[in-house]
Structures are given as C-alpha cells and as structure tokens.
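Analysis of the macromolecular model
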Amino acid sequence: SLTEYKLSIAPEIDIMEYCRKEWRGNTQVAKRMRKGYEAVAQKFASIRRVRGDNYCALRATLFQALSQTTQLPNWLQSEDFTLLPENLLSKYDWIRQWQLKEKLGRKMGEISDEIKEYLILLRKKWKNISEIKGPVEKQEACDKLFKNEEDEYSLYEALKFLMLNTAIELYNDDKNGRRVPVFSWLLFARDTSSNPCQLMHNHLNHIGHSGGLEQVEMFLLAYALQHTIQVYRLYKYSTDEFITLYPNDPEEGWPVVTLITEDDRHYNIPVRMCQETVL
C-alpha cells in the first residue's frame with residue numbers, strides 16, 4: 001500500500017510468513033532463499049522491510065545501531081567531532097564539490113555549516129535514543145525518527161561524510177606506512193576511487209541519488225560507525241559467505257548490527273532475537 005511505501009521501516013512481520021509470500025516457486029533460487037530464511041529464523045522471529053531506495057544500506061544499519069544503543073559512542077563524544085567539516089575543508093579544497101541532498105553550487109562556507117548541522121543532529125538523536133531505558137520506548141523513538149524525512153536524510157548525509165573522513169584517514173595512514181585493513185587497499189585499488197577525491201566524486205556523491213553501497217563500502221561504513229555489520233546474504237546460503245561480517249576481523253568491543261540481503265543491493269532488518277532454548 002502507498003502508506004506503507006512511505007514508511008522507511010515497515011512494521012514487523014513473521015520471518016517465515018514473509019518468506020512464503022516472497023518466494024513461492026520451485027526454482028533453485030526460491031529453494032535457496034527459503035533455506036536461507038529458515039536459517040535466519042533460527043535466530044530471529046521477525047523481519048522489517050526497509051524502504052528500497054539507494055539509501056537502504058545506510059538506513060538499515062543506522063536503524064539497527066540506534067535501536068540497540070545504550071550509550072553514546074566515544075567517537076561521537078569527541079570535541080573535534082563537529083569541527084570535522086571545517087577541518088577537512090581547510091586541507092582539501094576538493095571537498096567543496098560534495099553533493100548535499102540534491103542541492104548543487106553551494107559556497108564553501110555553506111557546505112561546512114550544513115554538514116556541521118547534520119553531525120550535531122546525529123549526535124543529538126543518538127544521545128537521546130541511547131538514554132531511553134525501555135526497549136519498547138526505544139523502538140518507538142526509532143520509528144518516529146525514521147518517519148521524519150527531513151531528519152532521516154540529514155542523518156544519511158552525516159554518515160556519508162563520516163565515511164569520507166574515514167577514507168581520508170585510511171588513505172593517509174597507508175601513505176605514511178601505517179597498517180591499514182585489507183579492505184582499504186581494495187577500496188583504493190578501484191579505477192574509480194584511487195584516492196579519496198575520486199571516491200567522493202564517483203561513489204559517495206552518488207549514494208542515495210543514483211547508487212547504493214557496494215560491498216567494499218559496507219566495510220567503510222562499519223569503520224566510520226565503529227560497528228560490526230553482520231549480514232545474512234541469502235543467495236549465498238550453504239557457502240562460507242552466507243554470514244558475512246564487515247569487517248571480517250571485528251574489533252573487540254564494537255557493537256554488532258545484523259542485516260539481511262537477498263542480492264547485496266537491498267537490505268532488510270531481522271528483529272526479535274529468539275530466546276535460546278534451554279535444554
């Protein structure tokens with residue numbers, strides 16, 4: 001229905017009921033998807049559909065991170081956090097070509113101020129939700145936030161900018177001979193993103209507009225948020241890649257968020273972890 005389409009995150013539905021509706025046929029693909037959903041249903045009771053635009057990886061990850069947060073992460077607390085835009089712009093003039101929410105041709109100062117507003121909003125919303133004790137109230141606050149289009153899309157701009165900042169740090173670390181995670185080499189080994197400037201022009205500027213996140217950018221998102229993103233990749237059922245972790249050697253102490261994908265393009269979220277049966 002139209003109203004449901006407008007919802008960024010649809011209400012929860014039983015995971016196997018959803019699977020039966022979506023995958024009825026007897027093709028090999030349908031059989032594999034059903035097996036994949038059965039495996040997920042061992043751990044989670046329900047699924048929530050995520051609105052399928054080019055922000056869906058950011059949307060699903062942020063929603064899961066906020067719905068289970070209990071404290072404001074350290075990186076969000078640092079005093080320098082909101083100074084990021086002006087600090088980066090003072091060093092890298094090309095950031096002026098950052099594309100903000102379909103508005104082109106801004107002056108440098110405006111971009112810096114606007115991104116700063118988005119970062120402040122991210123910190124504020126994260127803090128407010130982390131302080132809510134009851135799980136039901138926390139979920140309601142997340143639902144409400146993801147029904148507010150203006151705030152929601154502003155938060156995605158903040159995430160994209162944090163991804164750019166992380167990419168710049170990794171790129172500089174590598175150039176200065178420091179150890180960087182393997183995905184960072186892969187990120188900058190692409191013809192279209194051999195440095196952070198190209199990454200911004202050819203990838204980050206397009207996220208949400210004409211493209212979503214590629215696999216290697218899921219790693220970048222995980223590092224930017226300092227969360228491990230665990231993804232059930234249903235079409236990879238019965239292979240080593242069925243459950244993929246970004247990063248694959250998670251940092252200790254990073255919270256874990258779980259997503260589901262059927263094709264590495266669109267992500268939904270599993271909810272209601274099943275109680276482990278006590279034998």
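If you're wondering where the values come from, they're calculated on a predicted model, not measured in any experiment. (Residues numbered from 1 in each chain as written. Predicted model: local features only at pLDDT ≥ 70, side-chain atom pairs only at ≥ 80, totals over all residues. Heavy atoms only, no water.)

What follows concerns the UniProt feature "site: Linear diubiquitin binding" (unreviewed entry) in the protein. Mapped onto this numbering, the UniProt entry gives "site: Linear diubiquitin binding" (unreviewed entry) at E241. Looking at the element boundaries, E241 is found in the loop between β3 (228–233) and β4 (243–246). Residue E241 is classed as partly exposed on the basis of its relative accessible area of 38%. Among all residues touching E241, those that are not within four sequence positions of it are R233 and K236. (UniProt positions renumbered as here; feature names shortened; annotations may be inferred. Helix = DSSP H or I, 4+ residues; strand = E, 2+ residues; numbered from the N terminus. Buried < 20%, exposed > 50% of the residue type's maximum accessible area, 1.4 Å probe, protein only. Contact = heavy atoms within 4.5 Å.)

What follows is about the packing of aromatic side chains. In total, this model carries 17 aromatic pairs according to the counting rule given. Ring centres of F183 and Y223 lie 5.2 Å apart, and the angle between their planes is 40°; this geometry places the pair in the tilted category. Placement of the pair is F183 in helix α10 (residues 182–189) and Y223 in helix α12 (residues 215–225), with a sequence separation of 40 residues. Here F183 matches Y223 in class, with each residue buried. What links up through ring pairs into an aromatic cluster is the set F183, F219, Y223, Y246 and W254. (Phe/Tyr/Trp six-rings, centres within 6.5 Å; stacked < 30°, edge-to-face > 60°.)

The step from Y246 to P247 runs through a cis peptide bond, and the omega angle for that step is -10°. By the element assignment, P247 lies in the loop between β4 and β5 (256–261). In the Ramachandran plot, S238 falls in the positive-phi region, its phi being about 70° despite a non-glycine side chain. Tracing the sequence through the fold places S238 in the loop between β3 and β4. If you check the backbone angles, R272 has positive phi at about 60° while not being a glycine. Relative to the helices and strands, R272 is located in strand β6 (residues 267–273).

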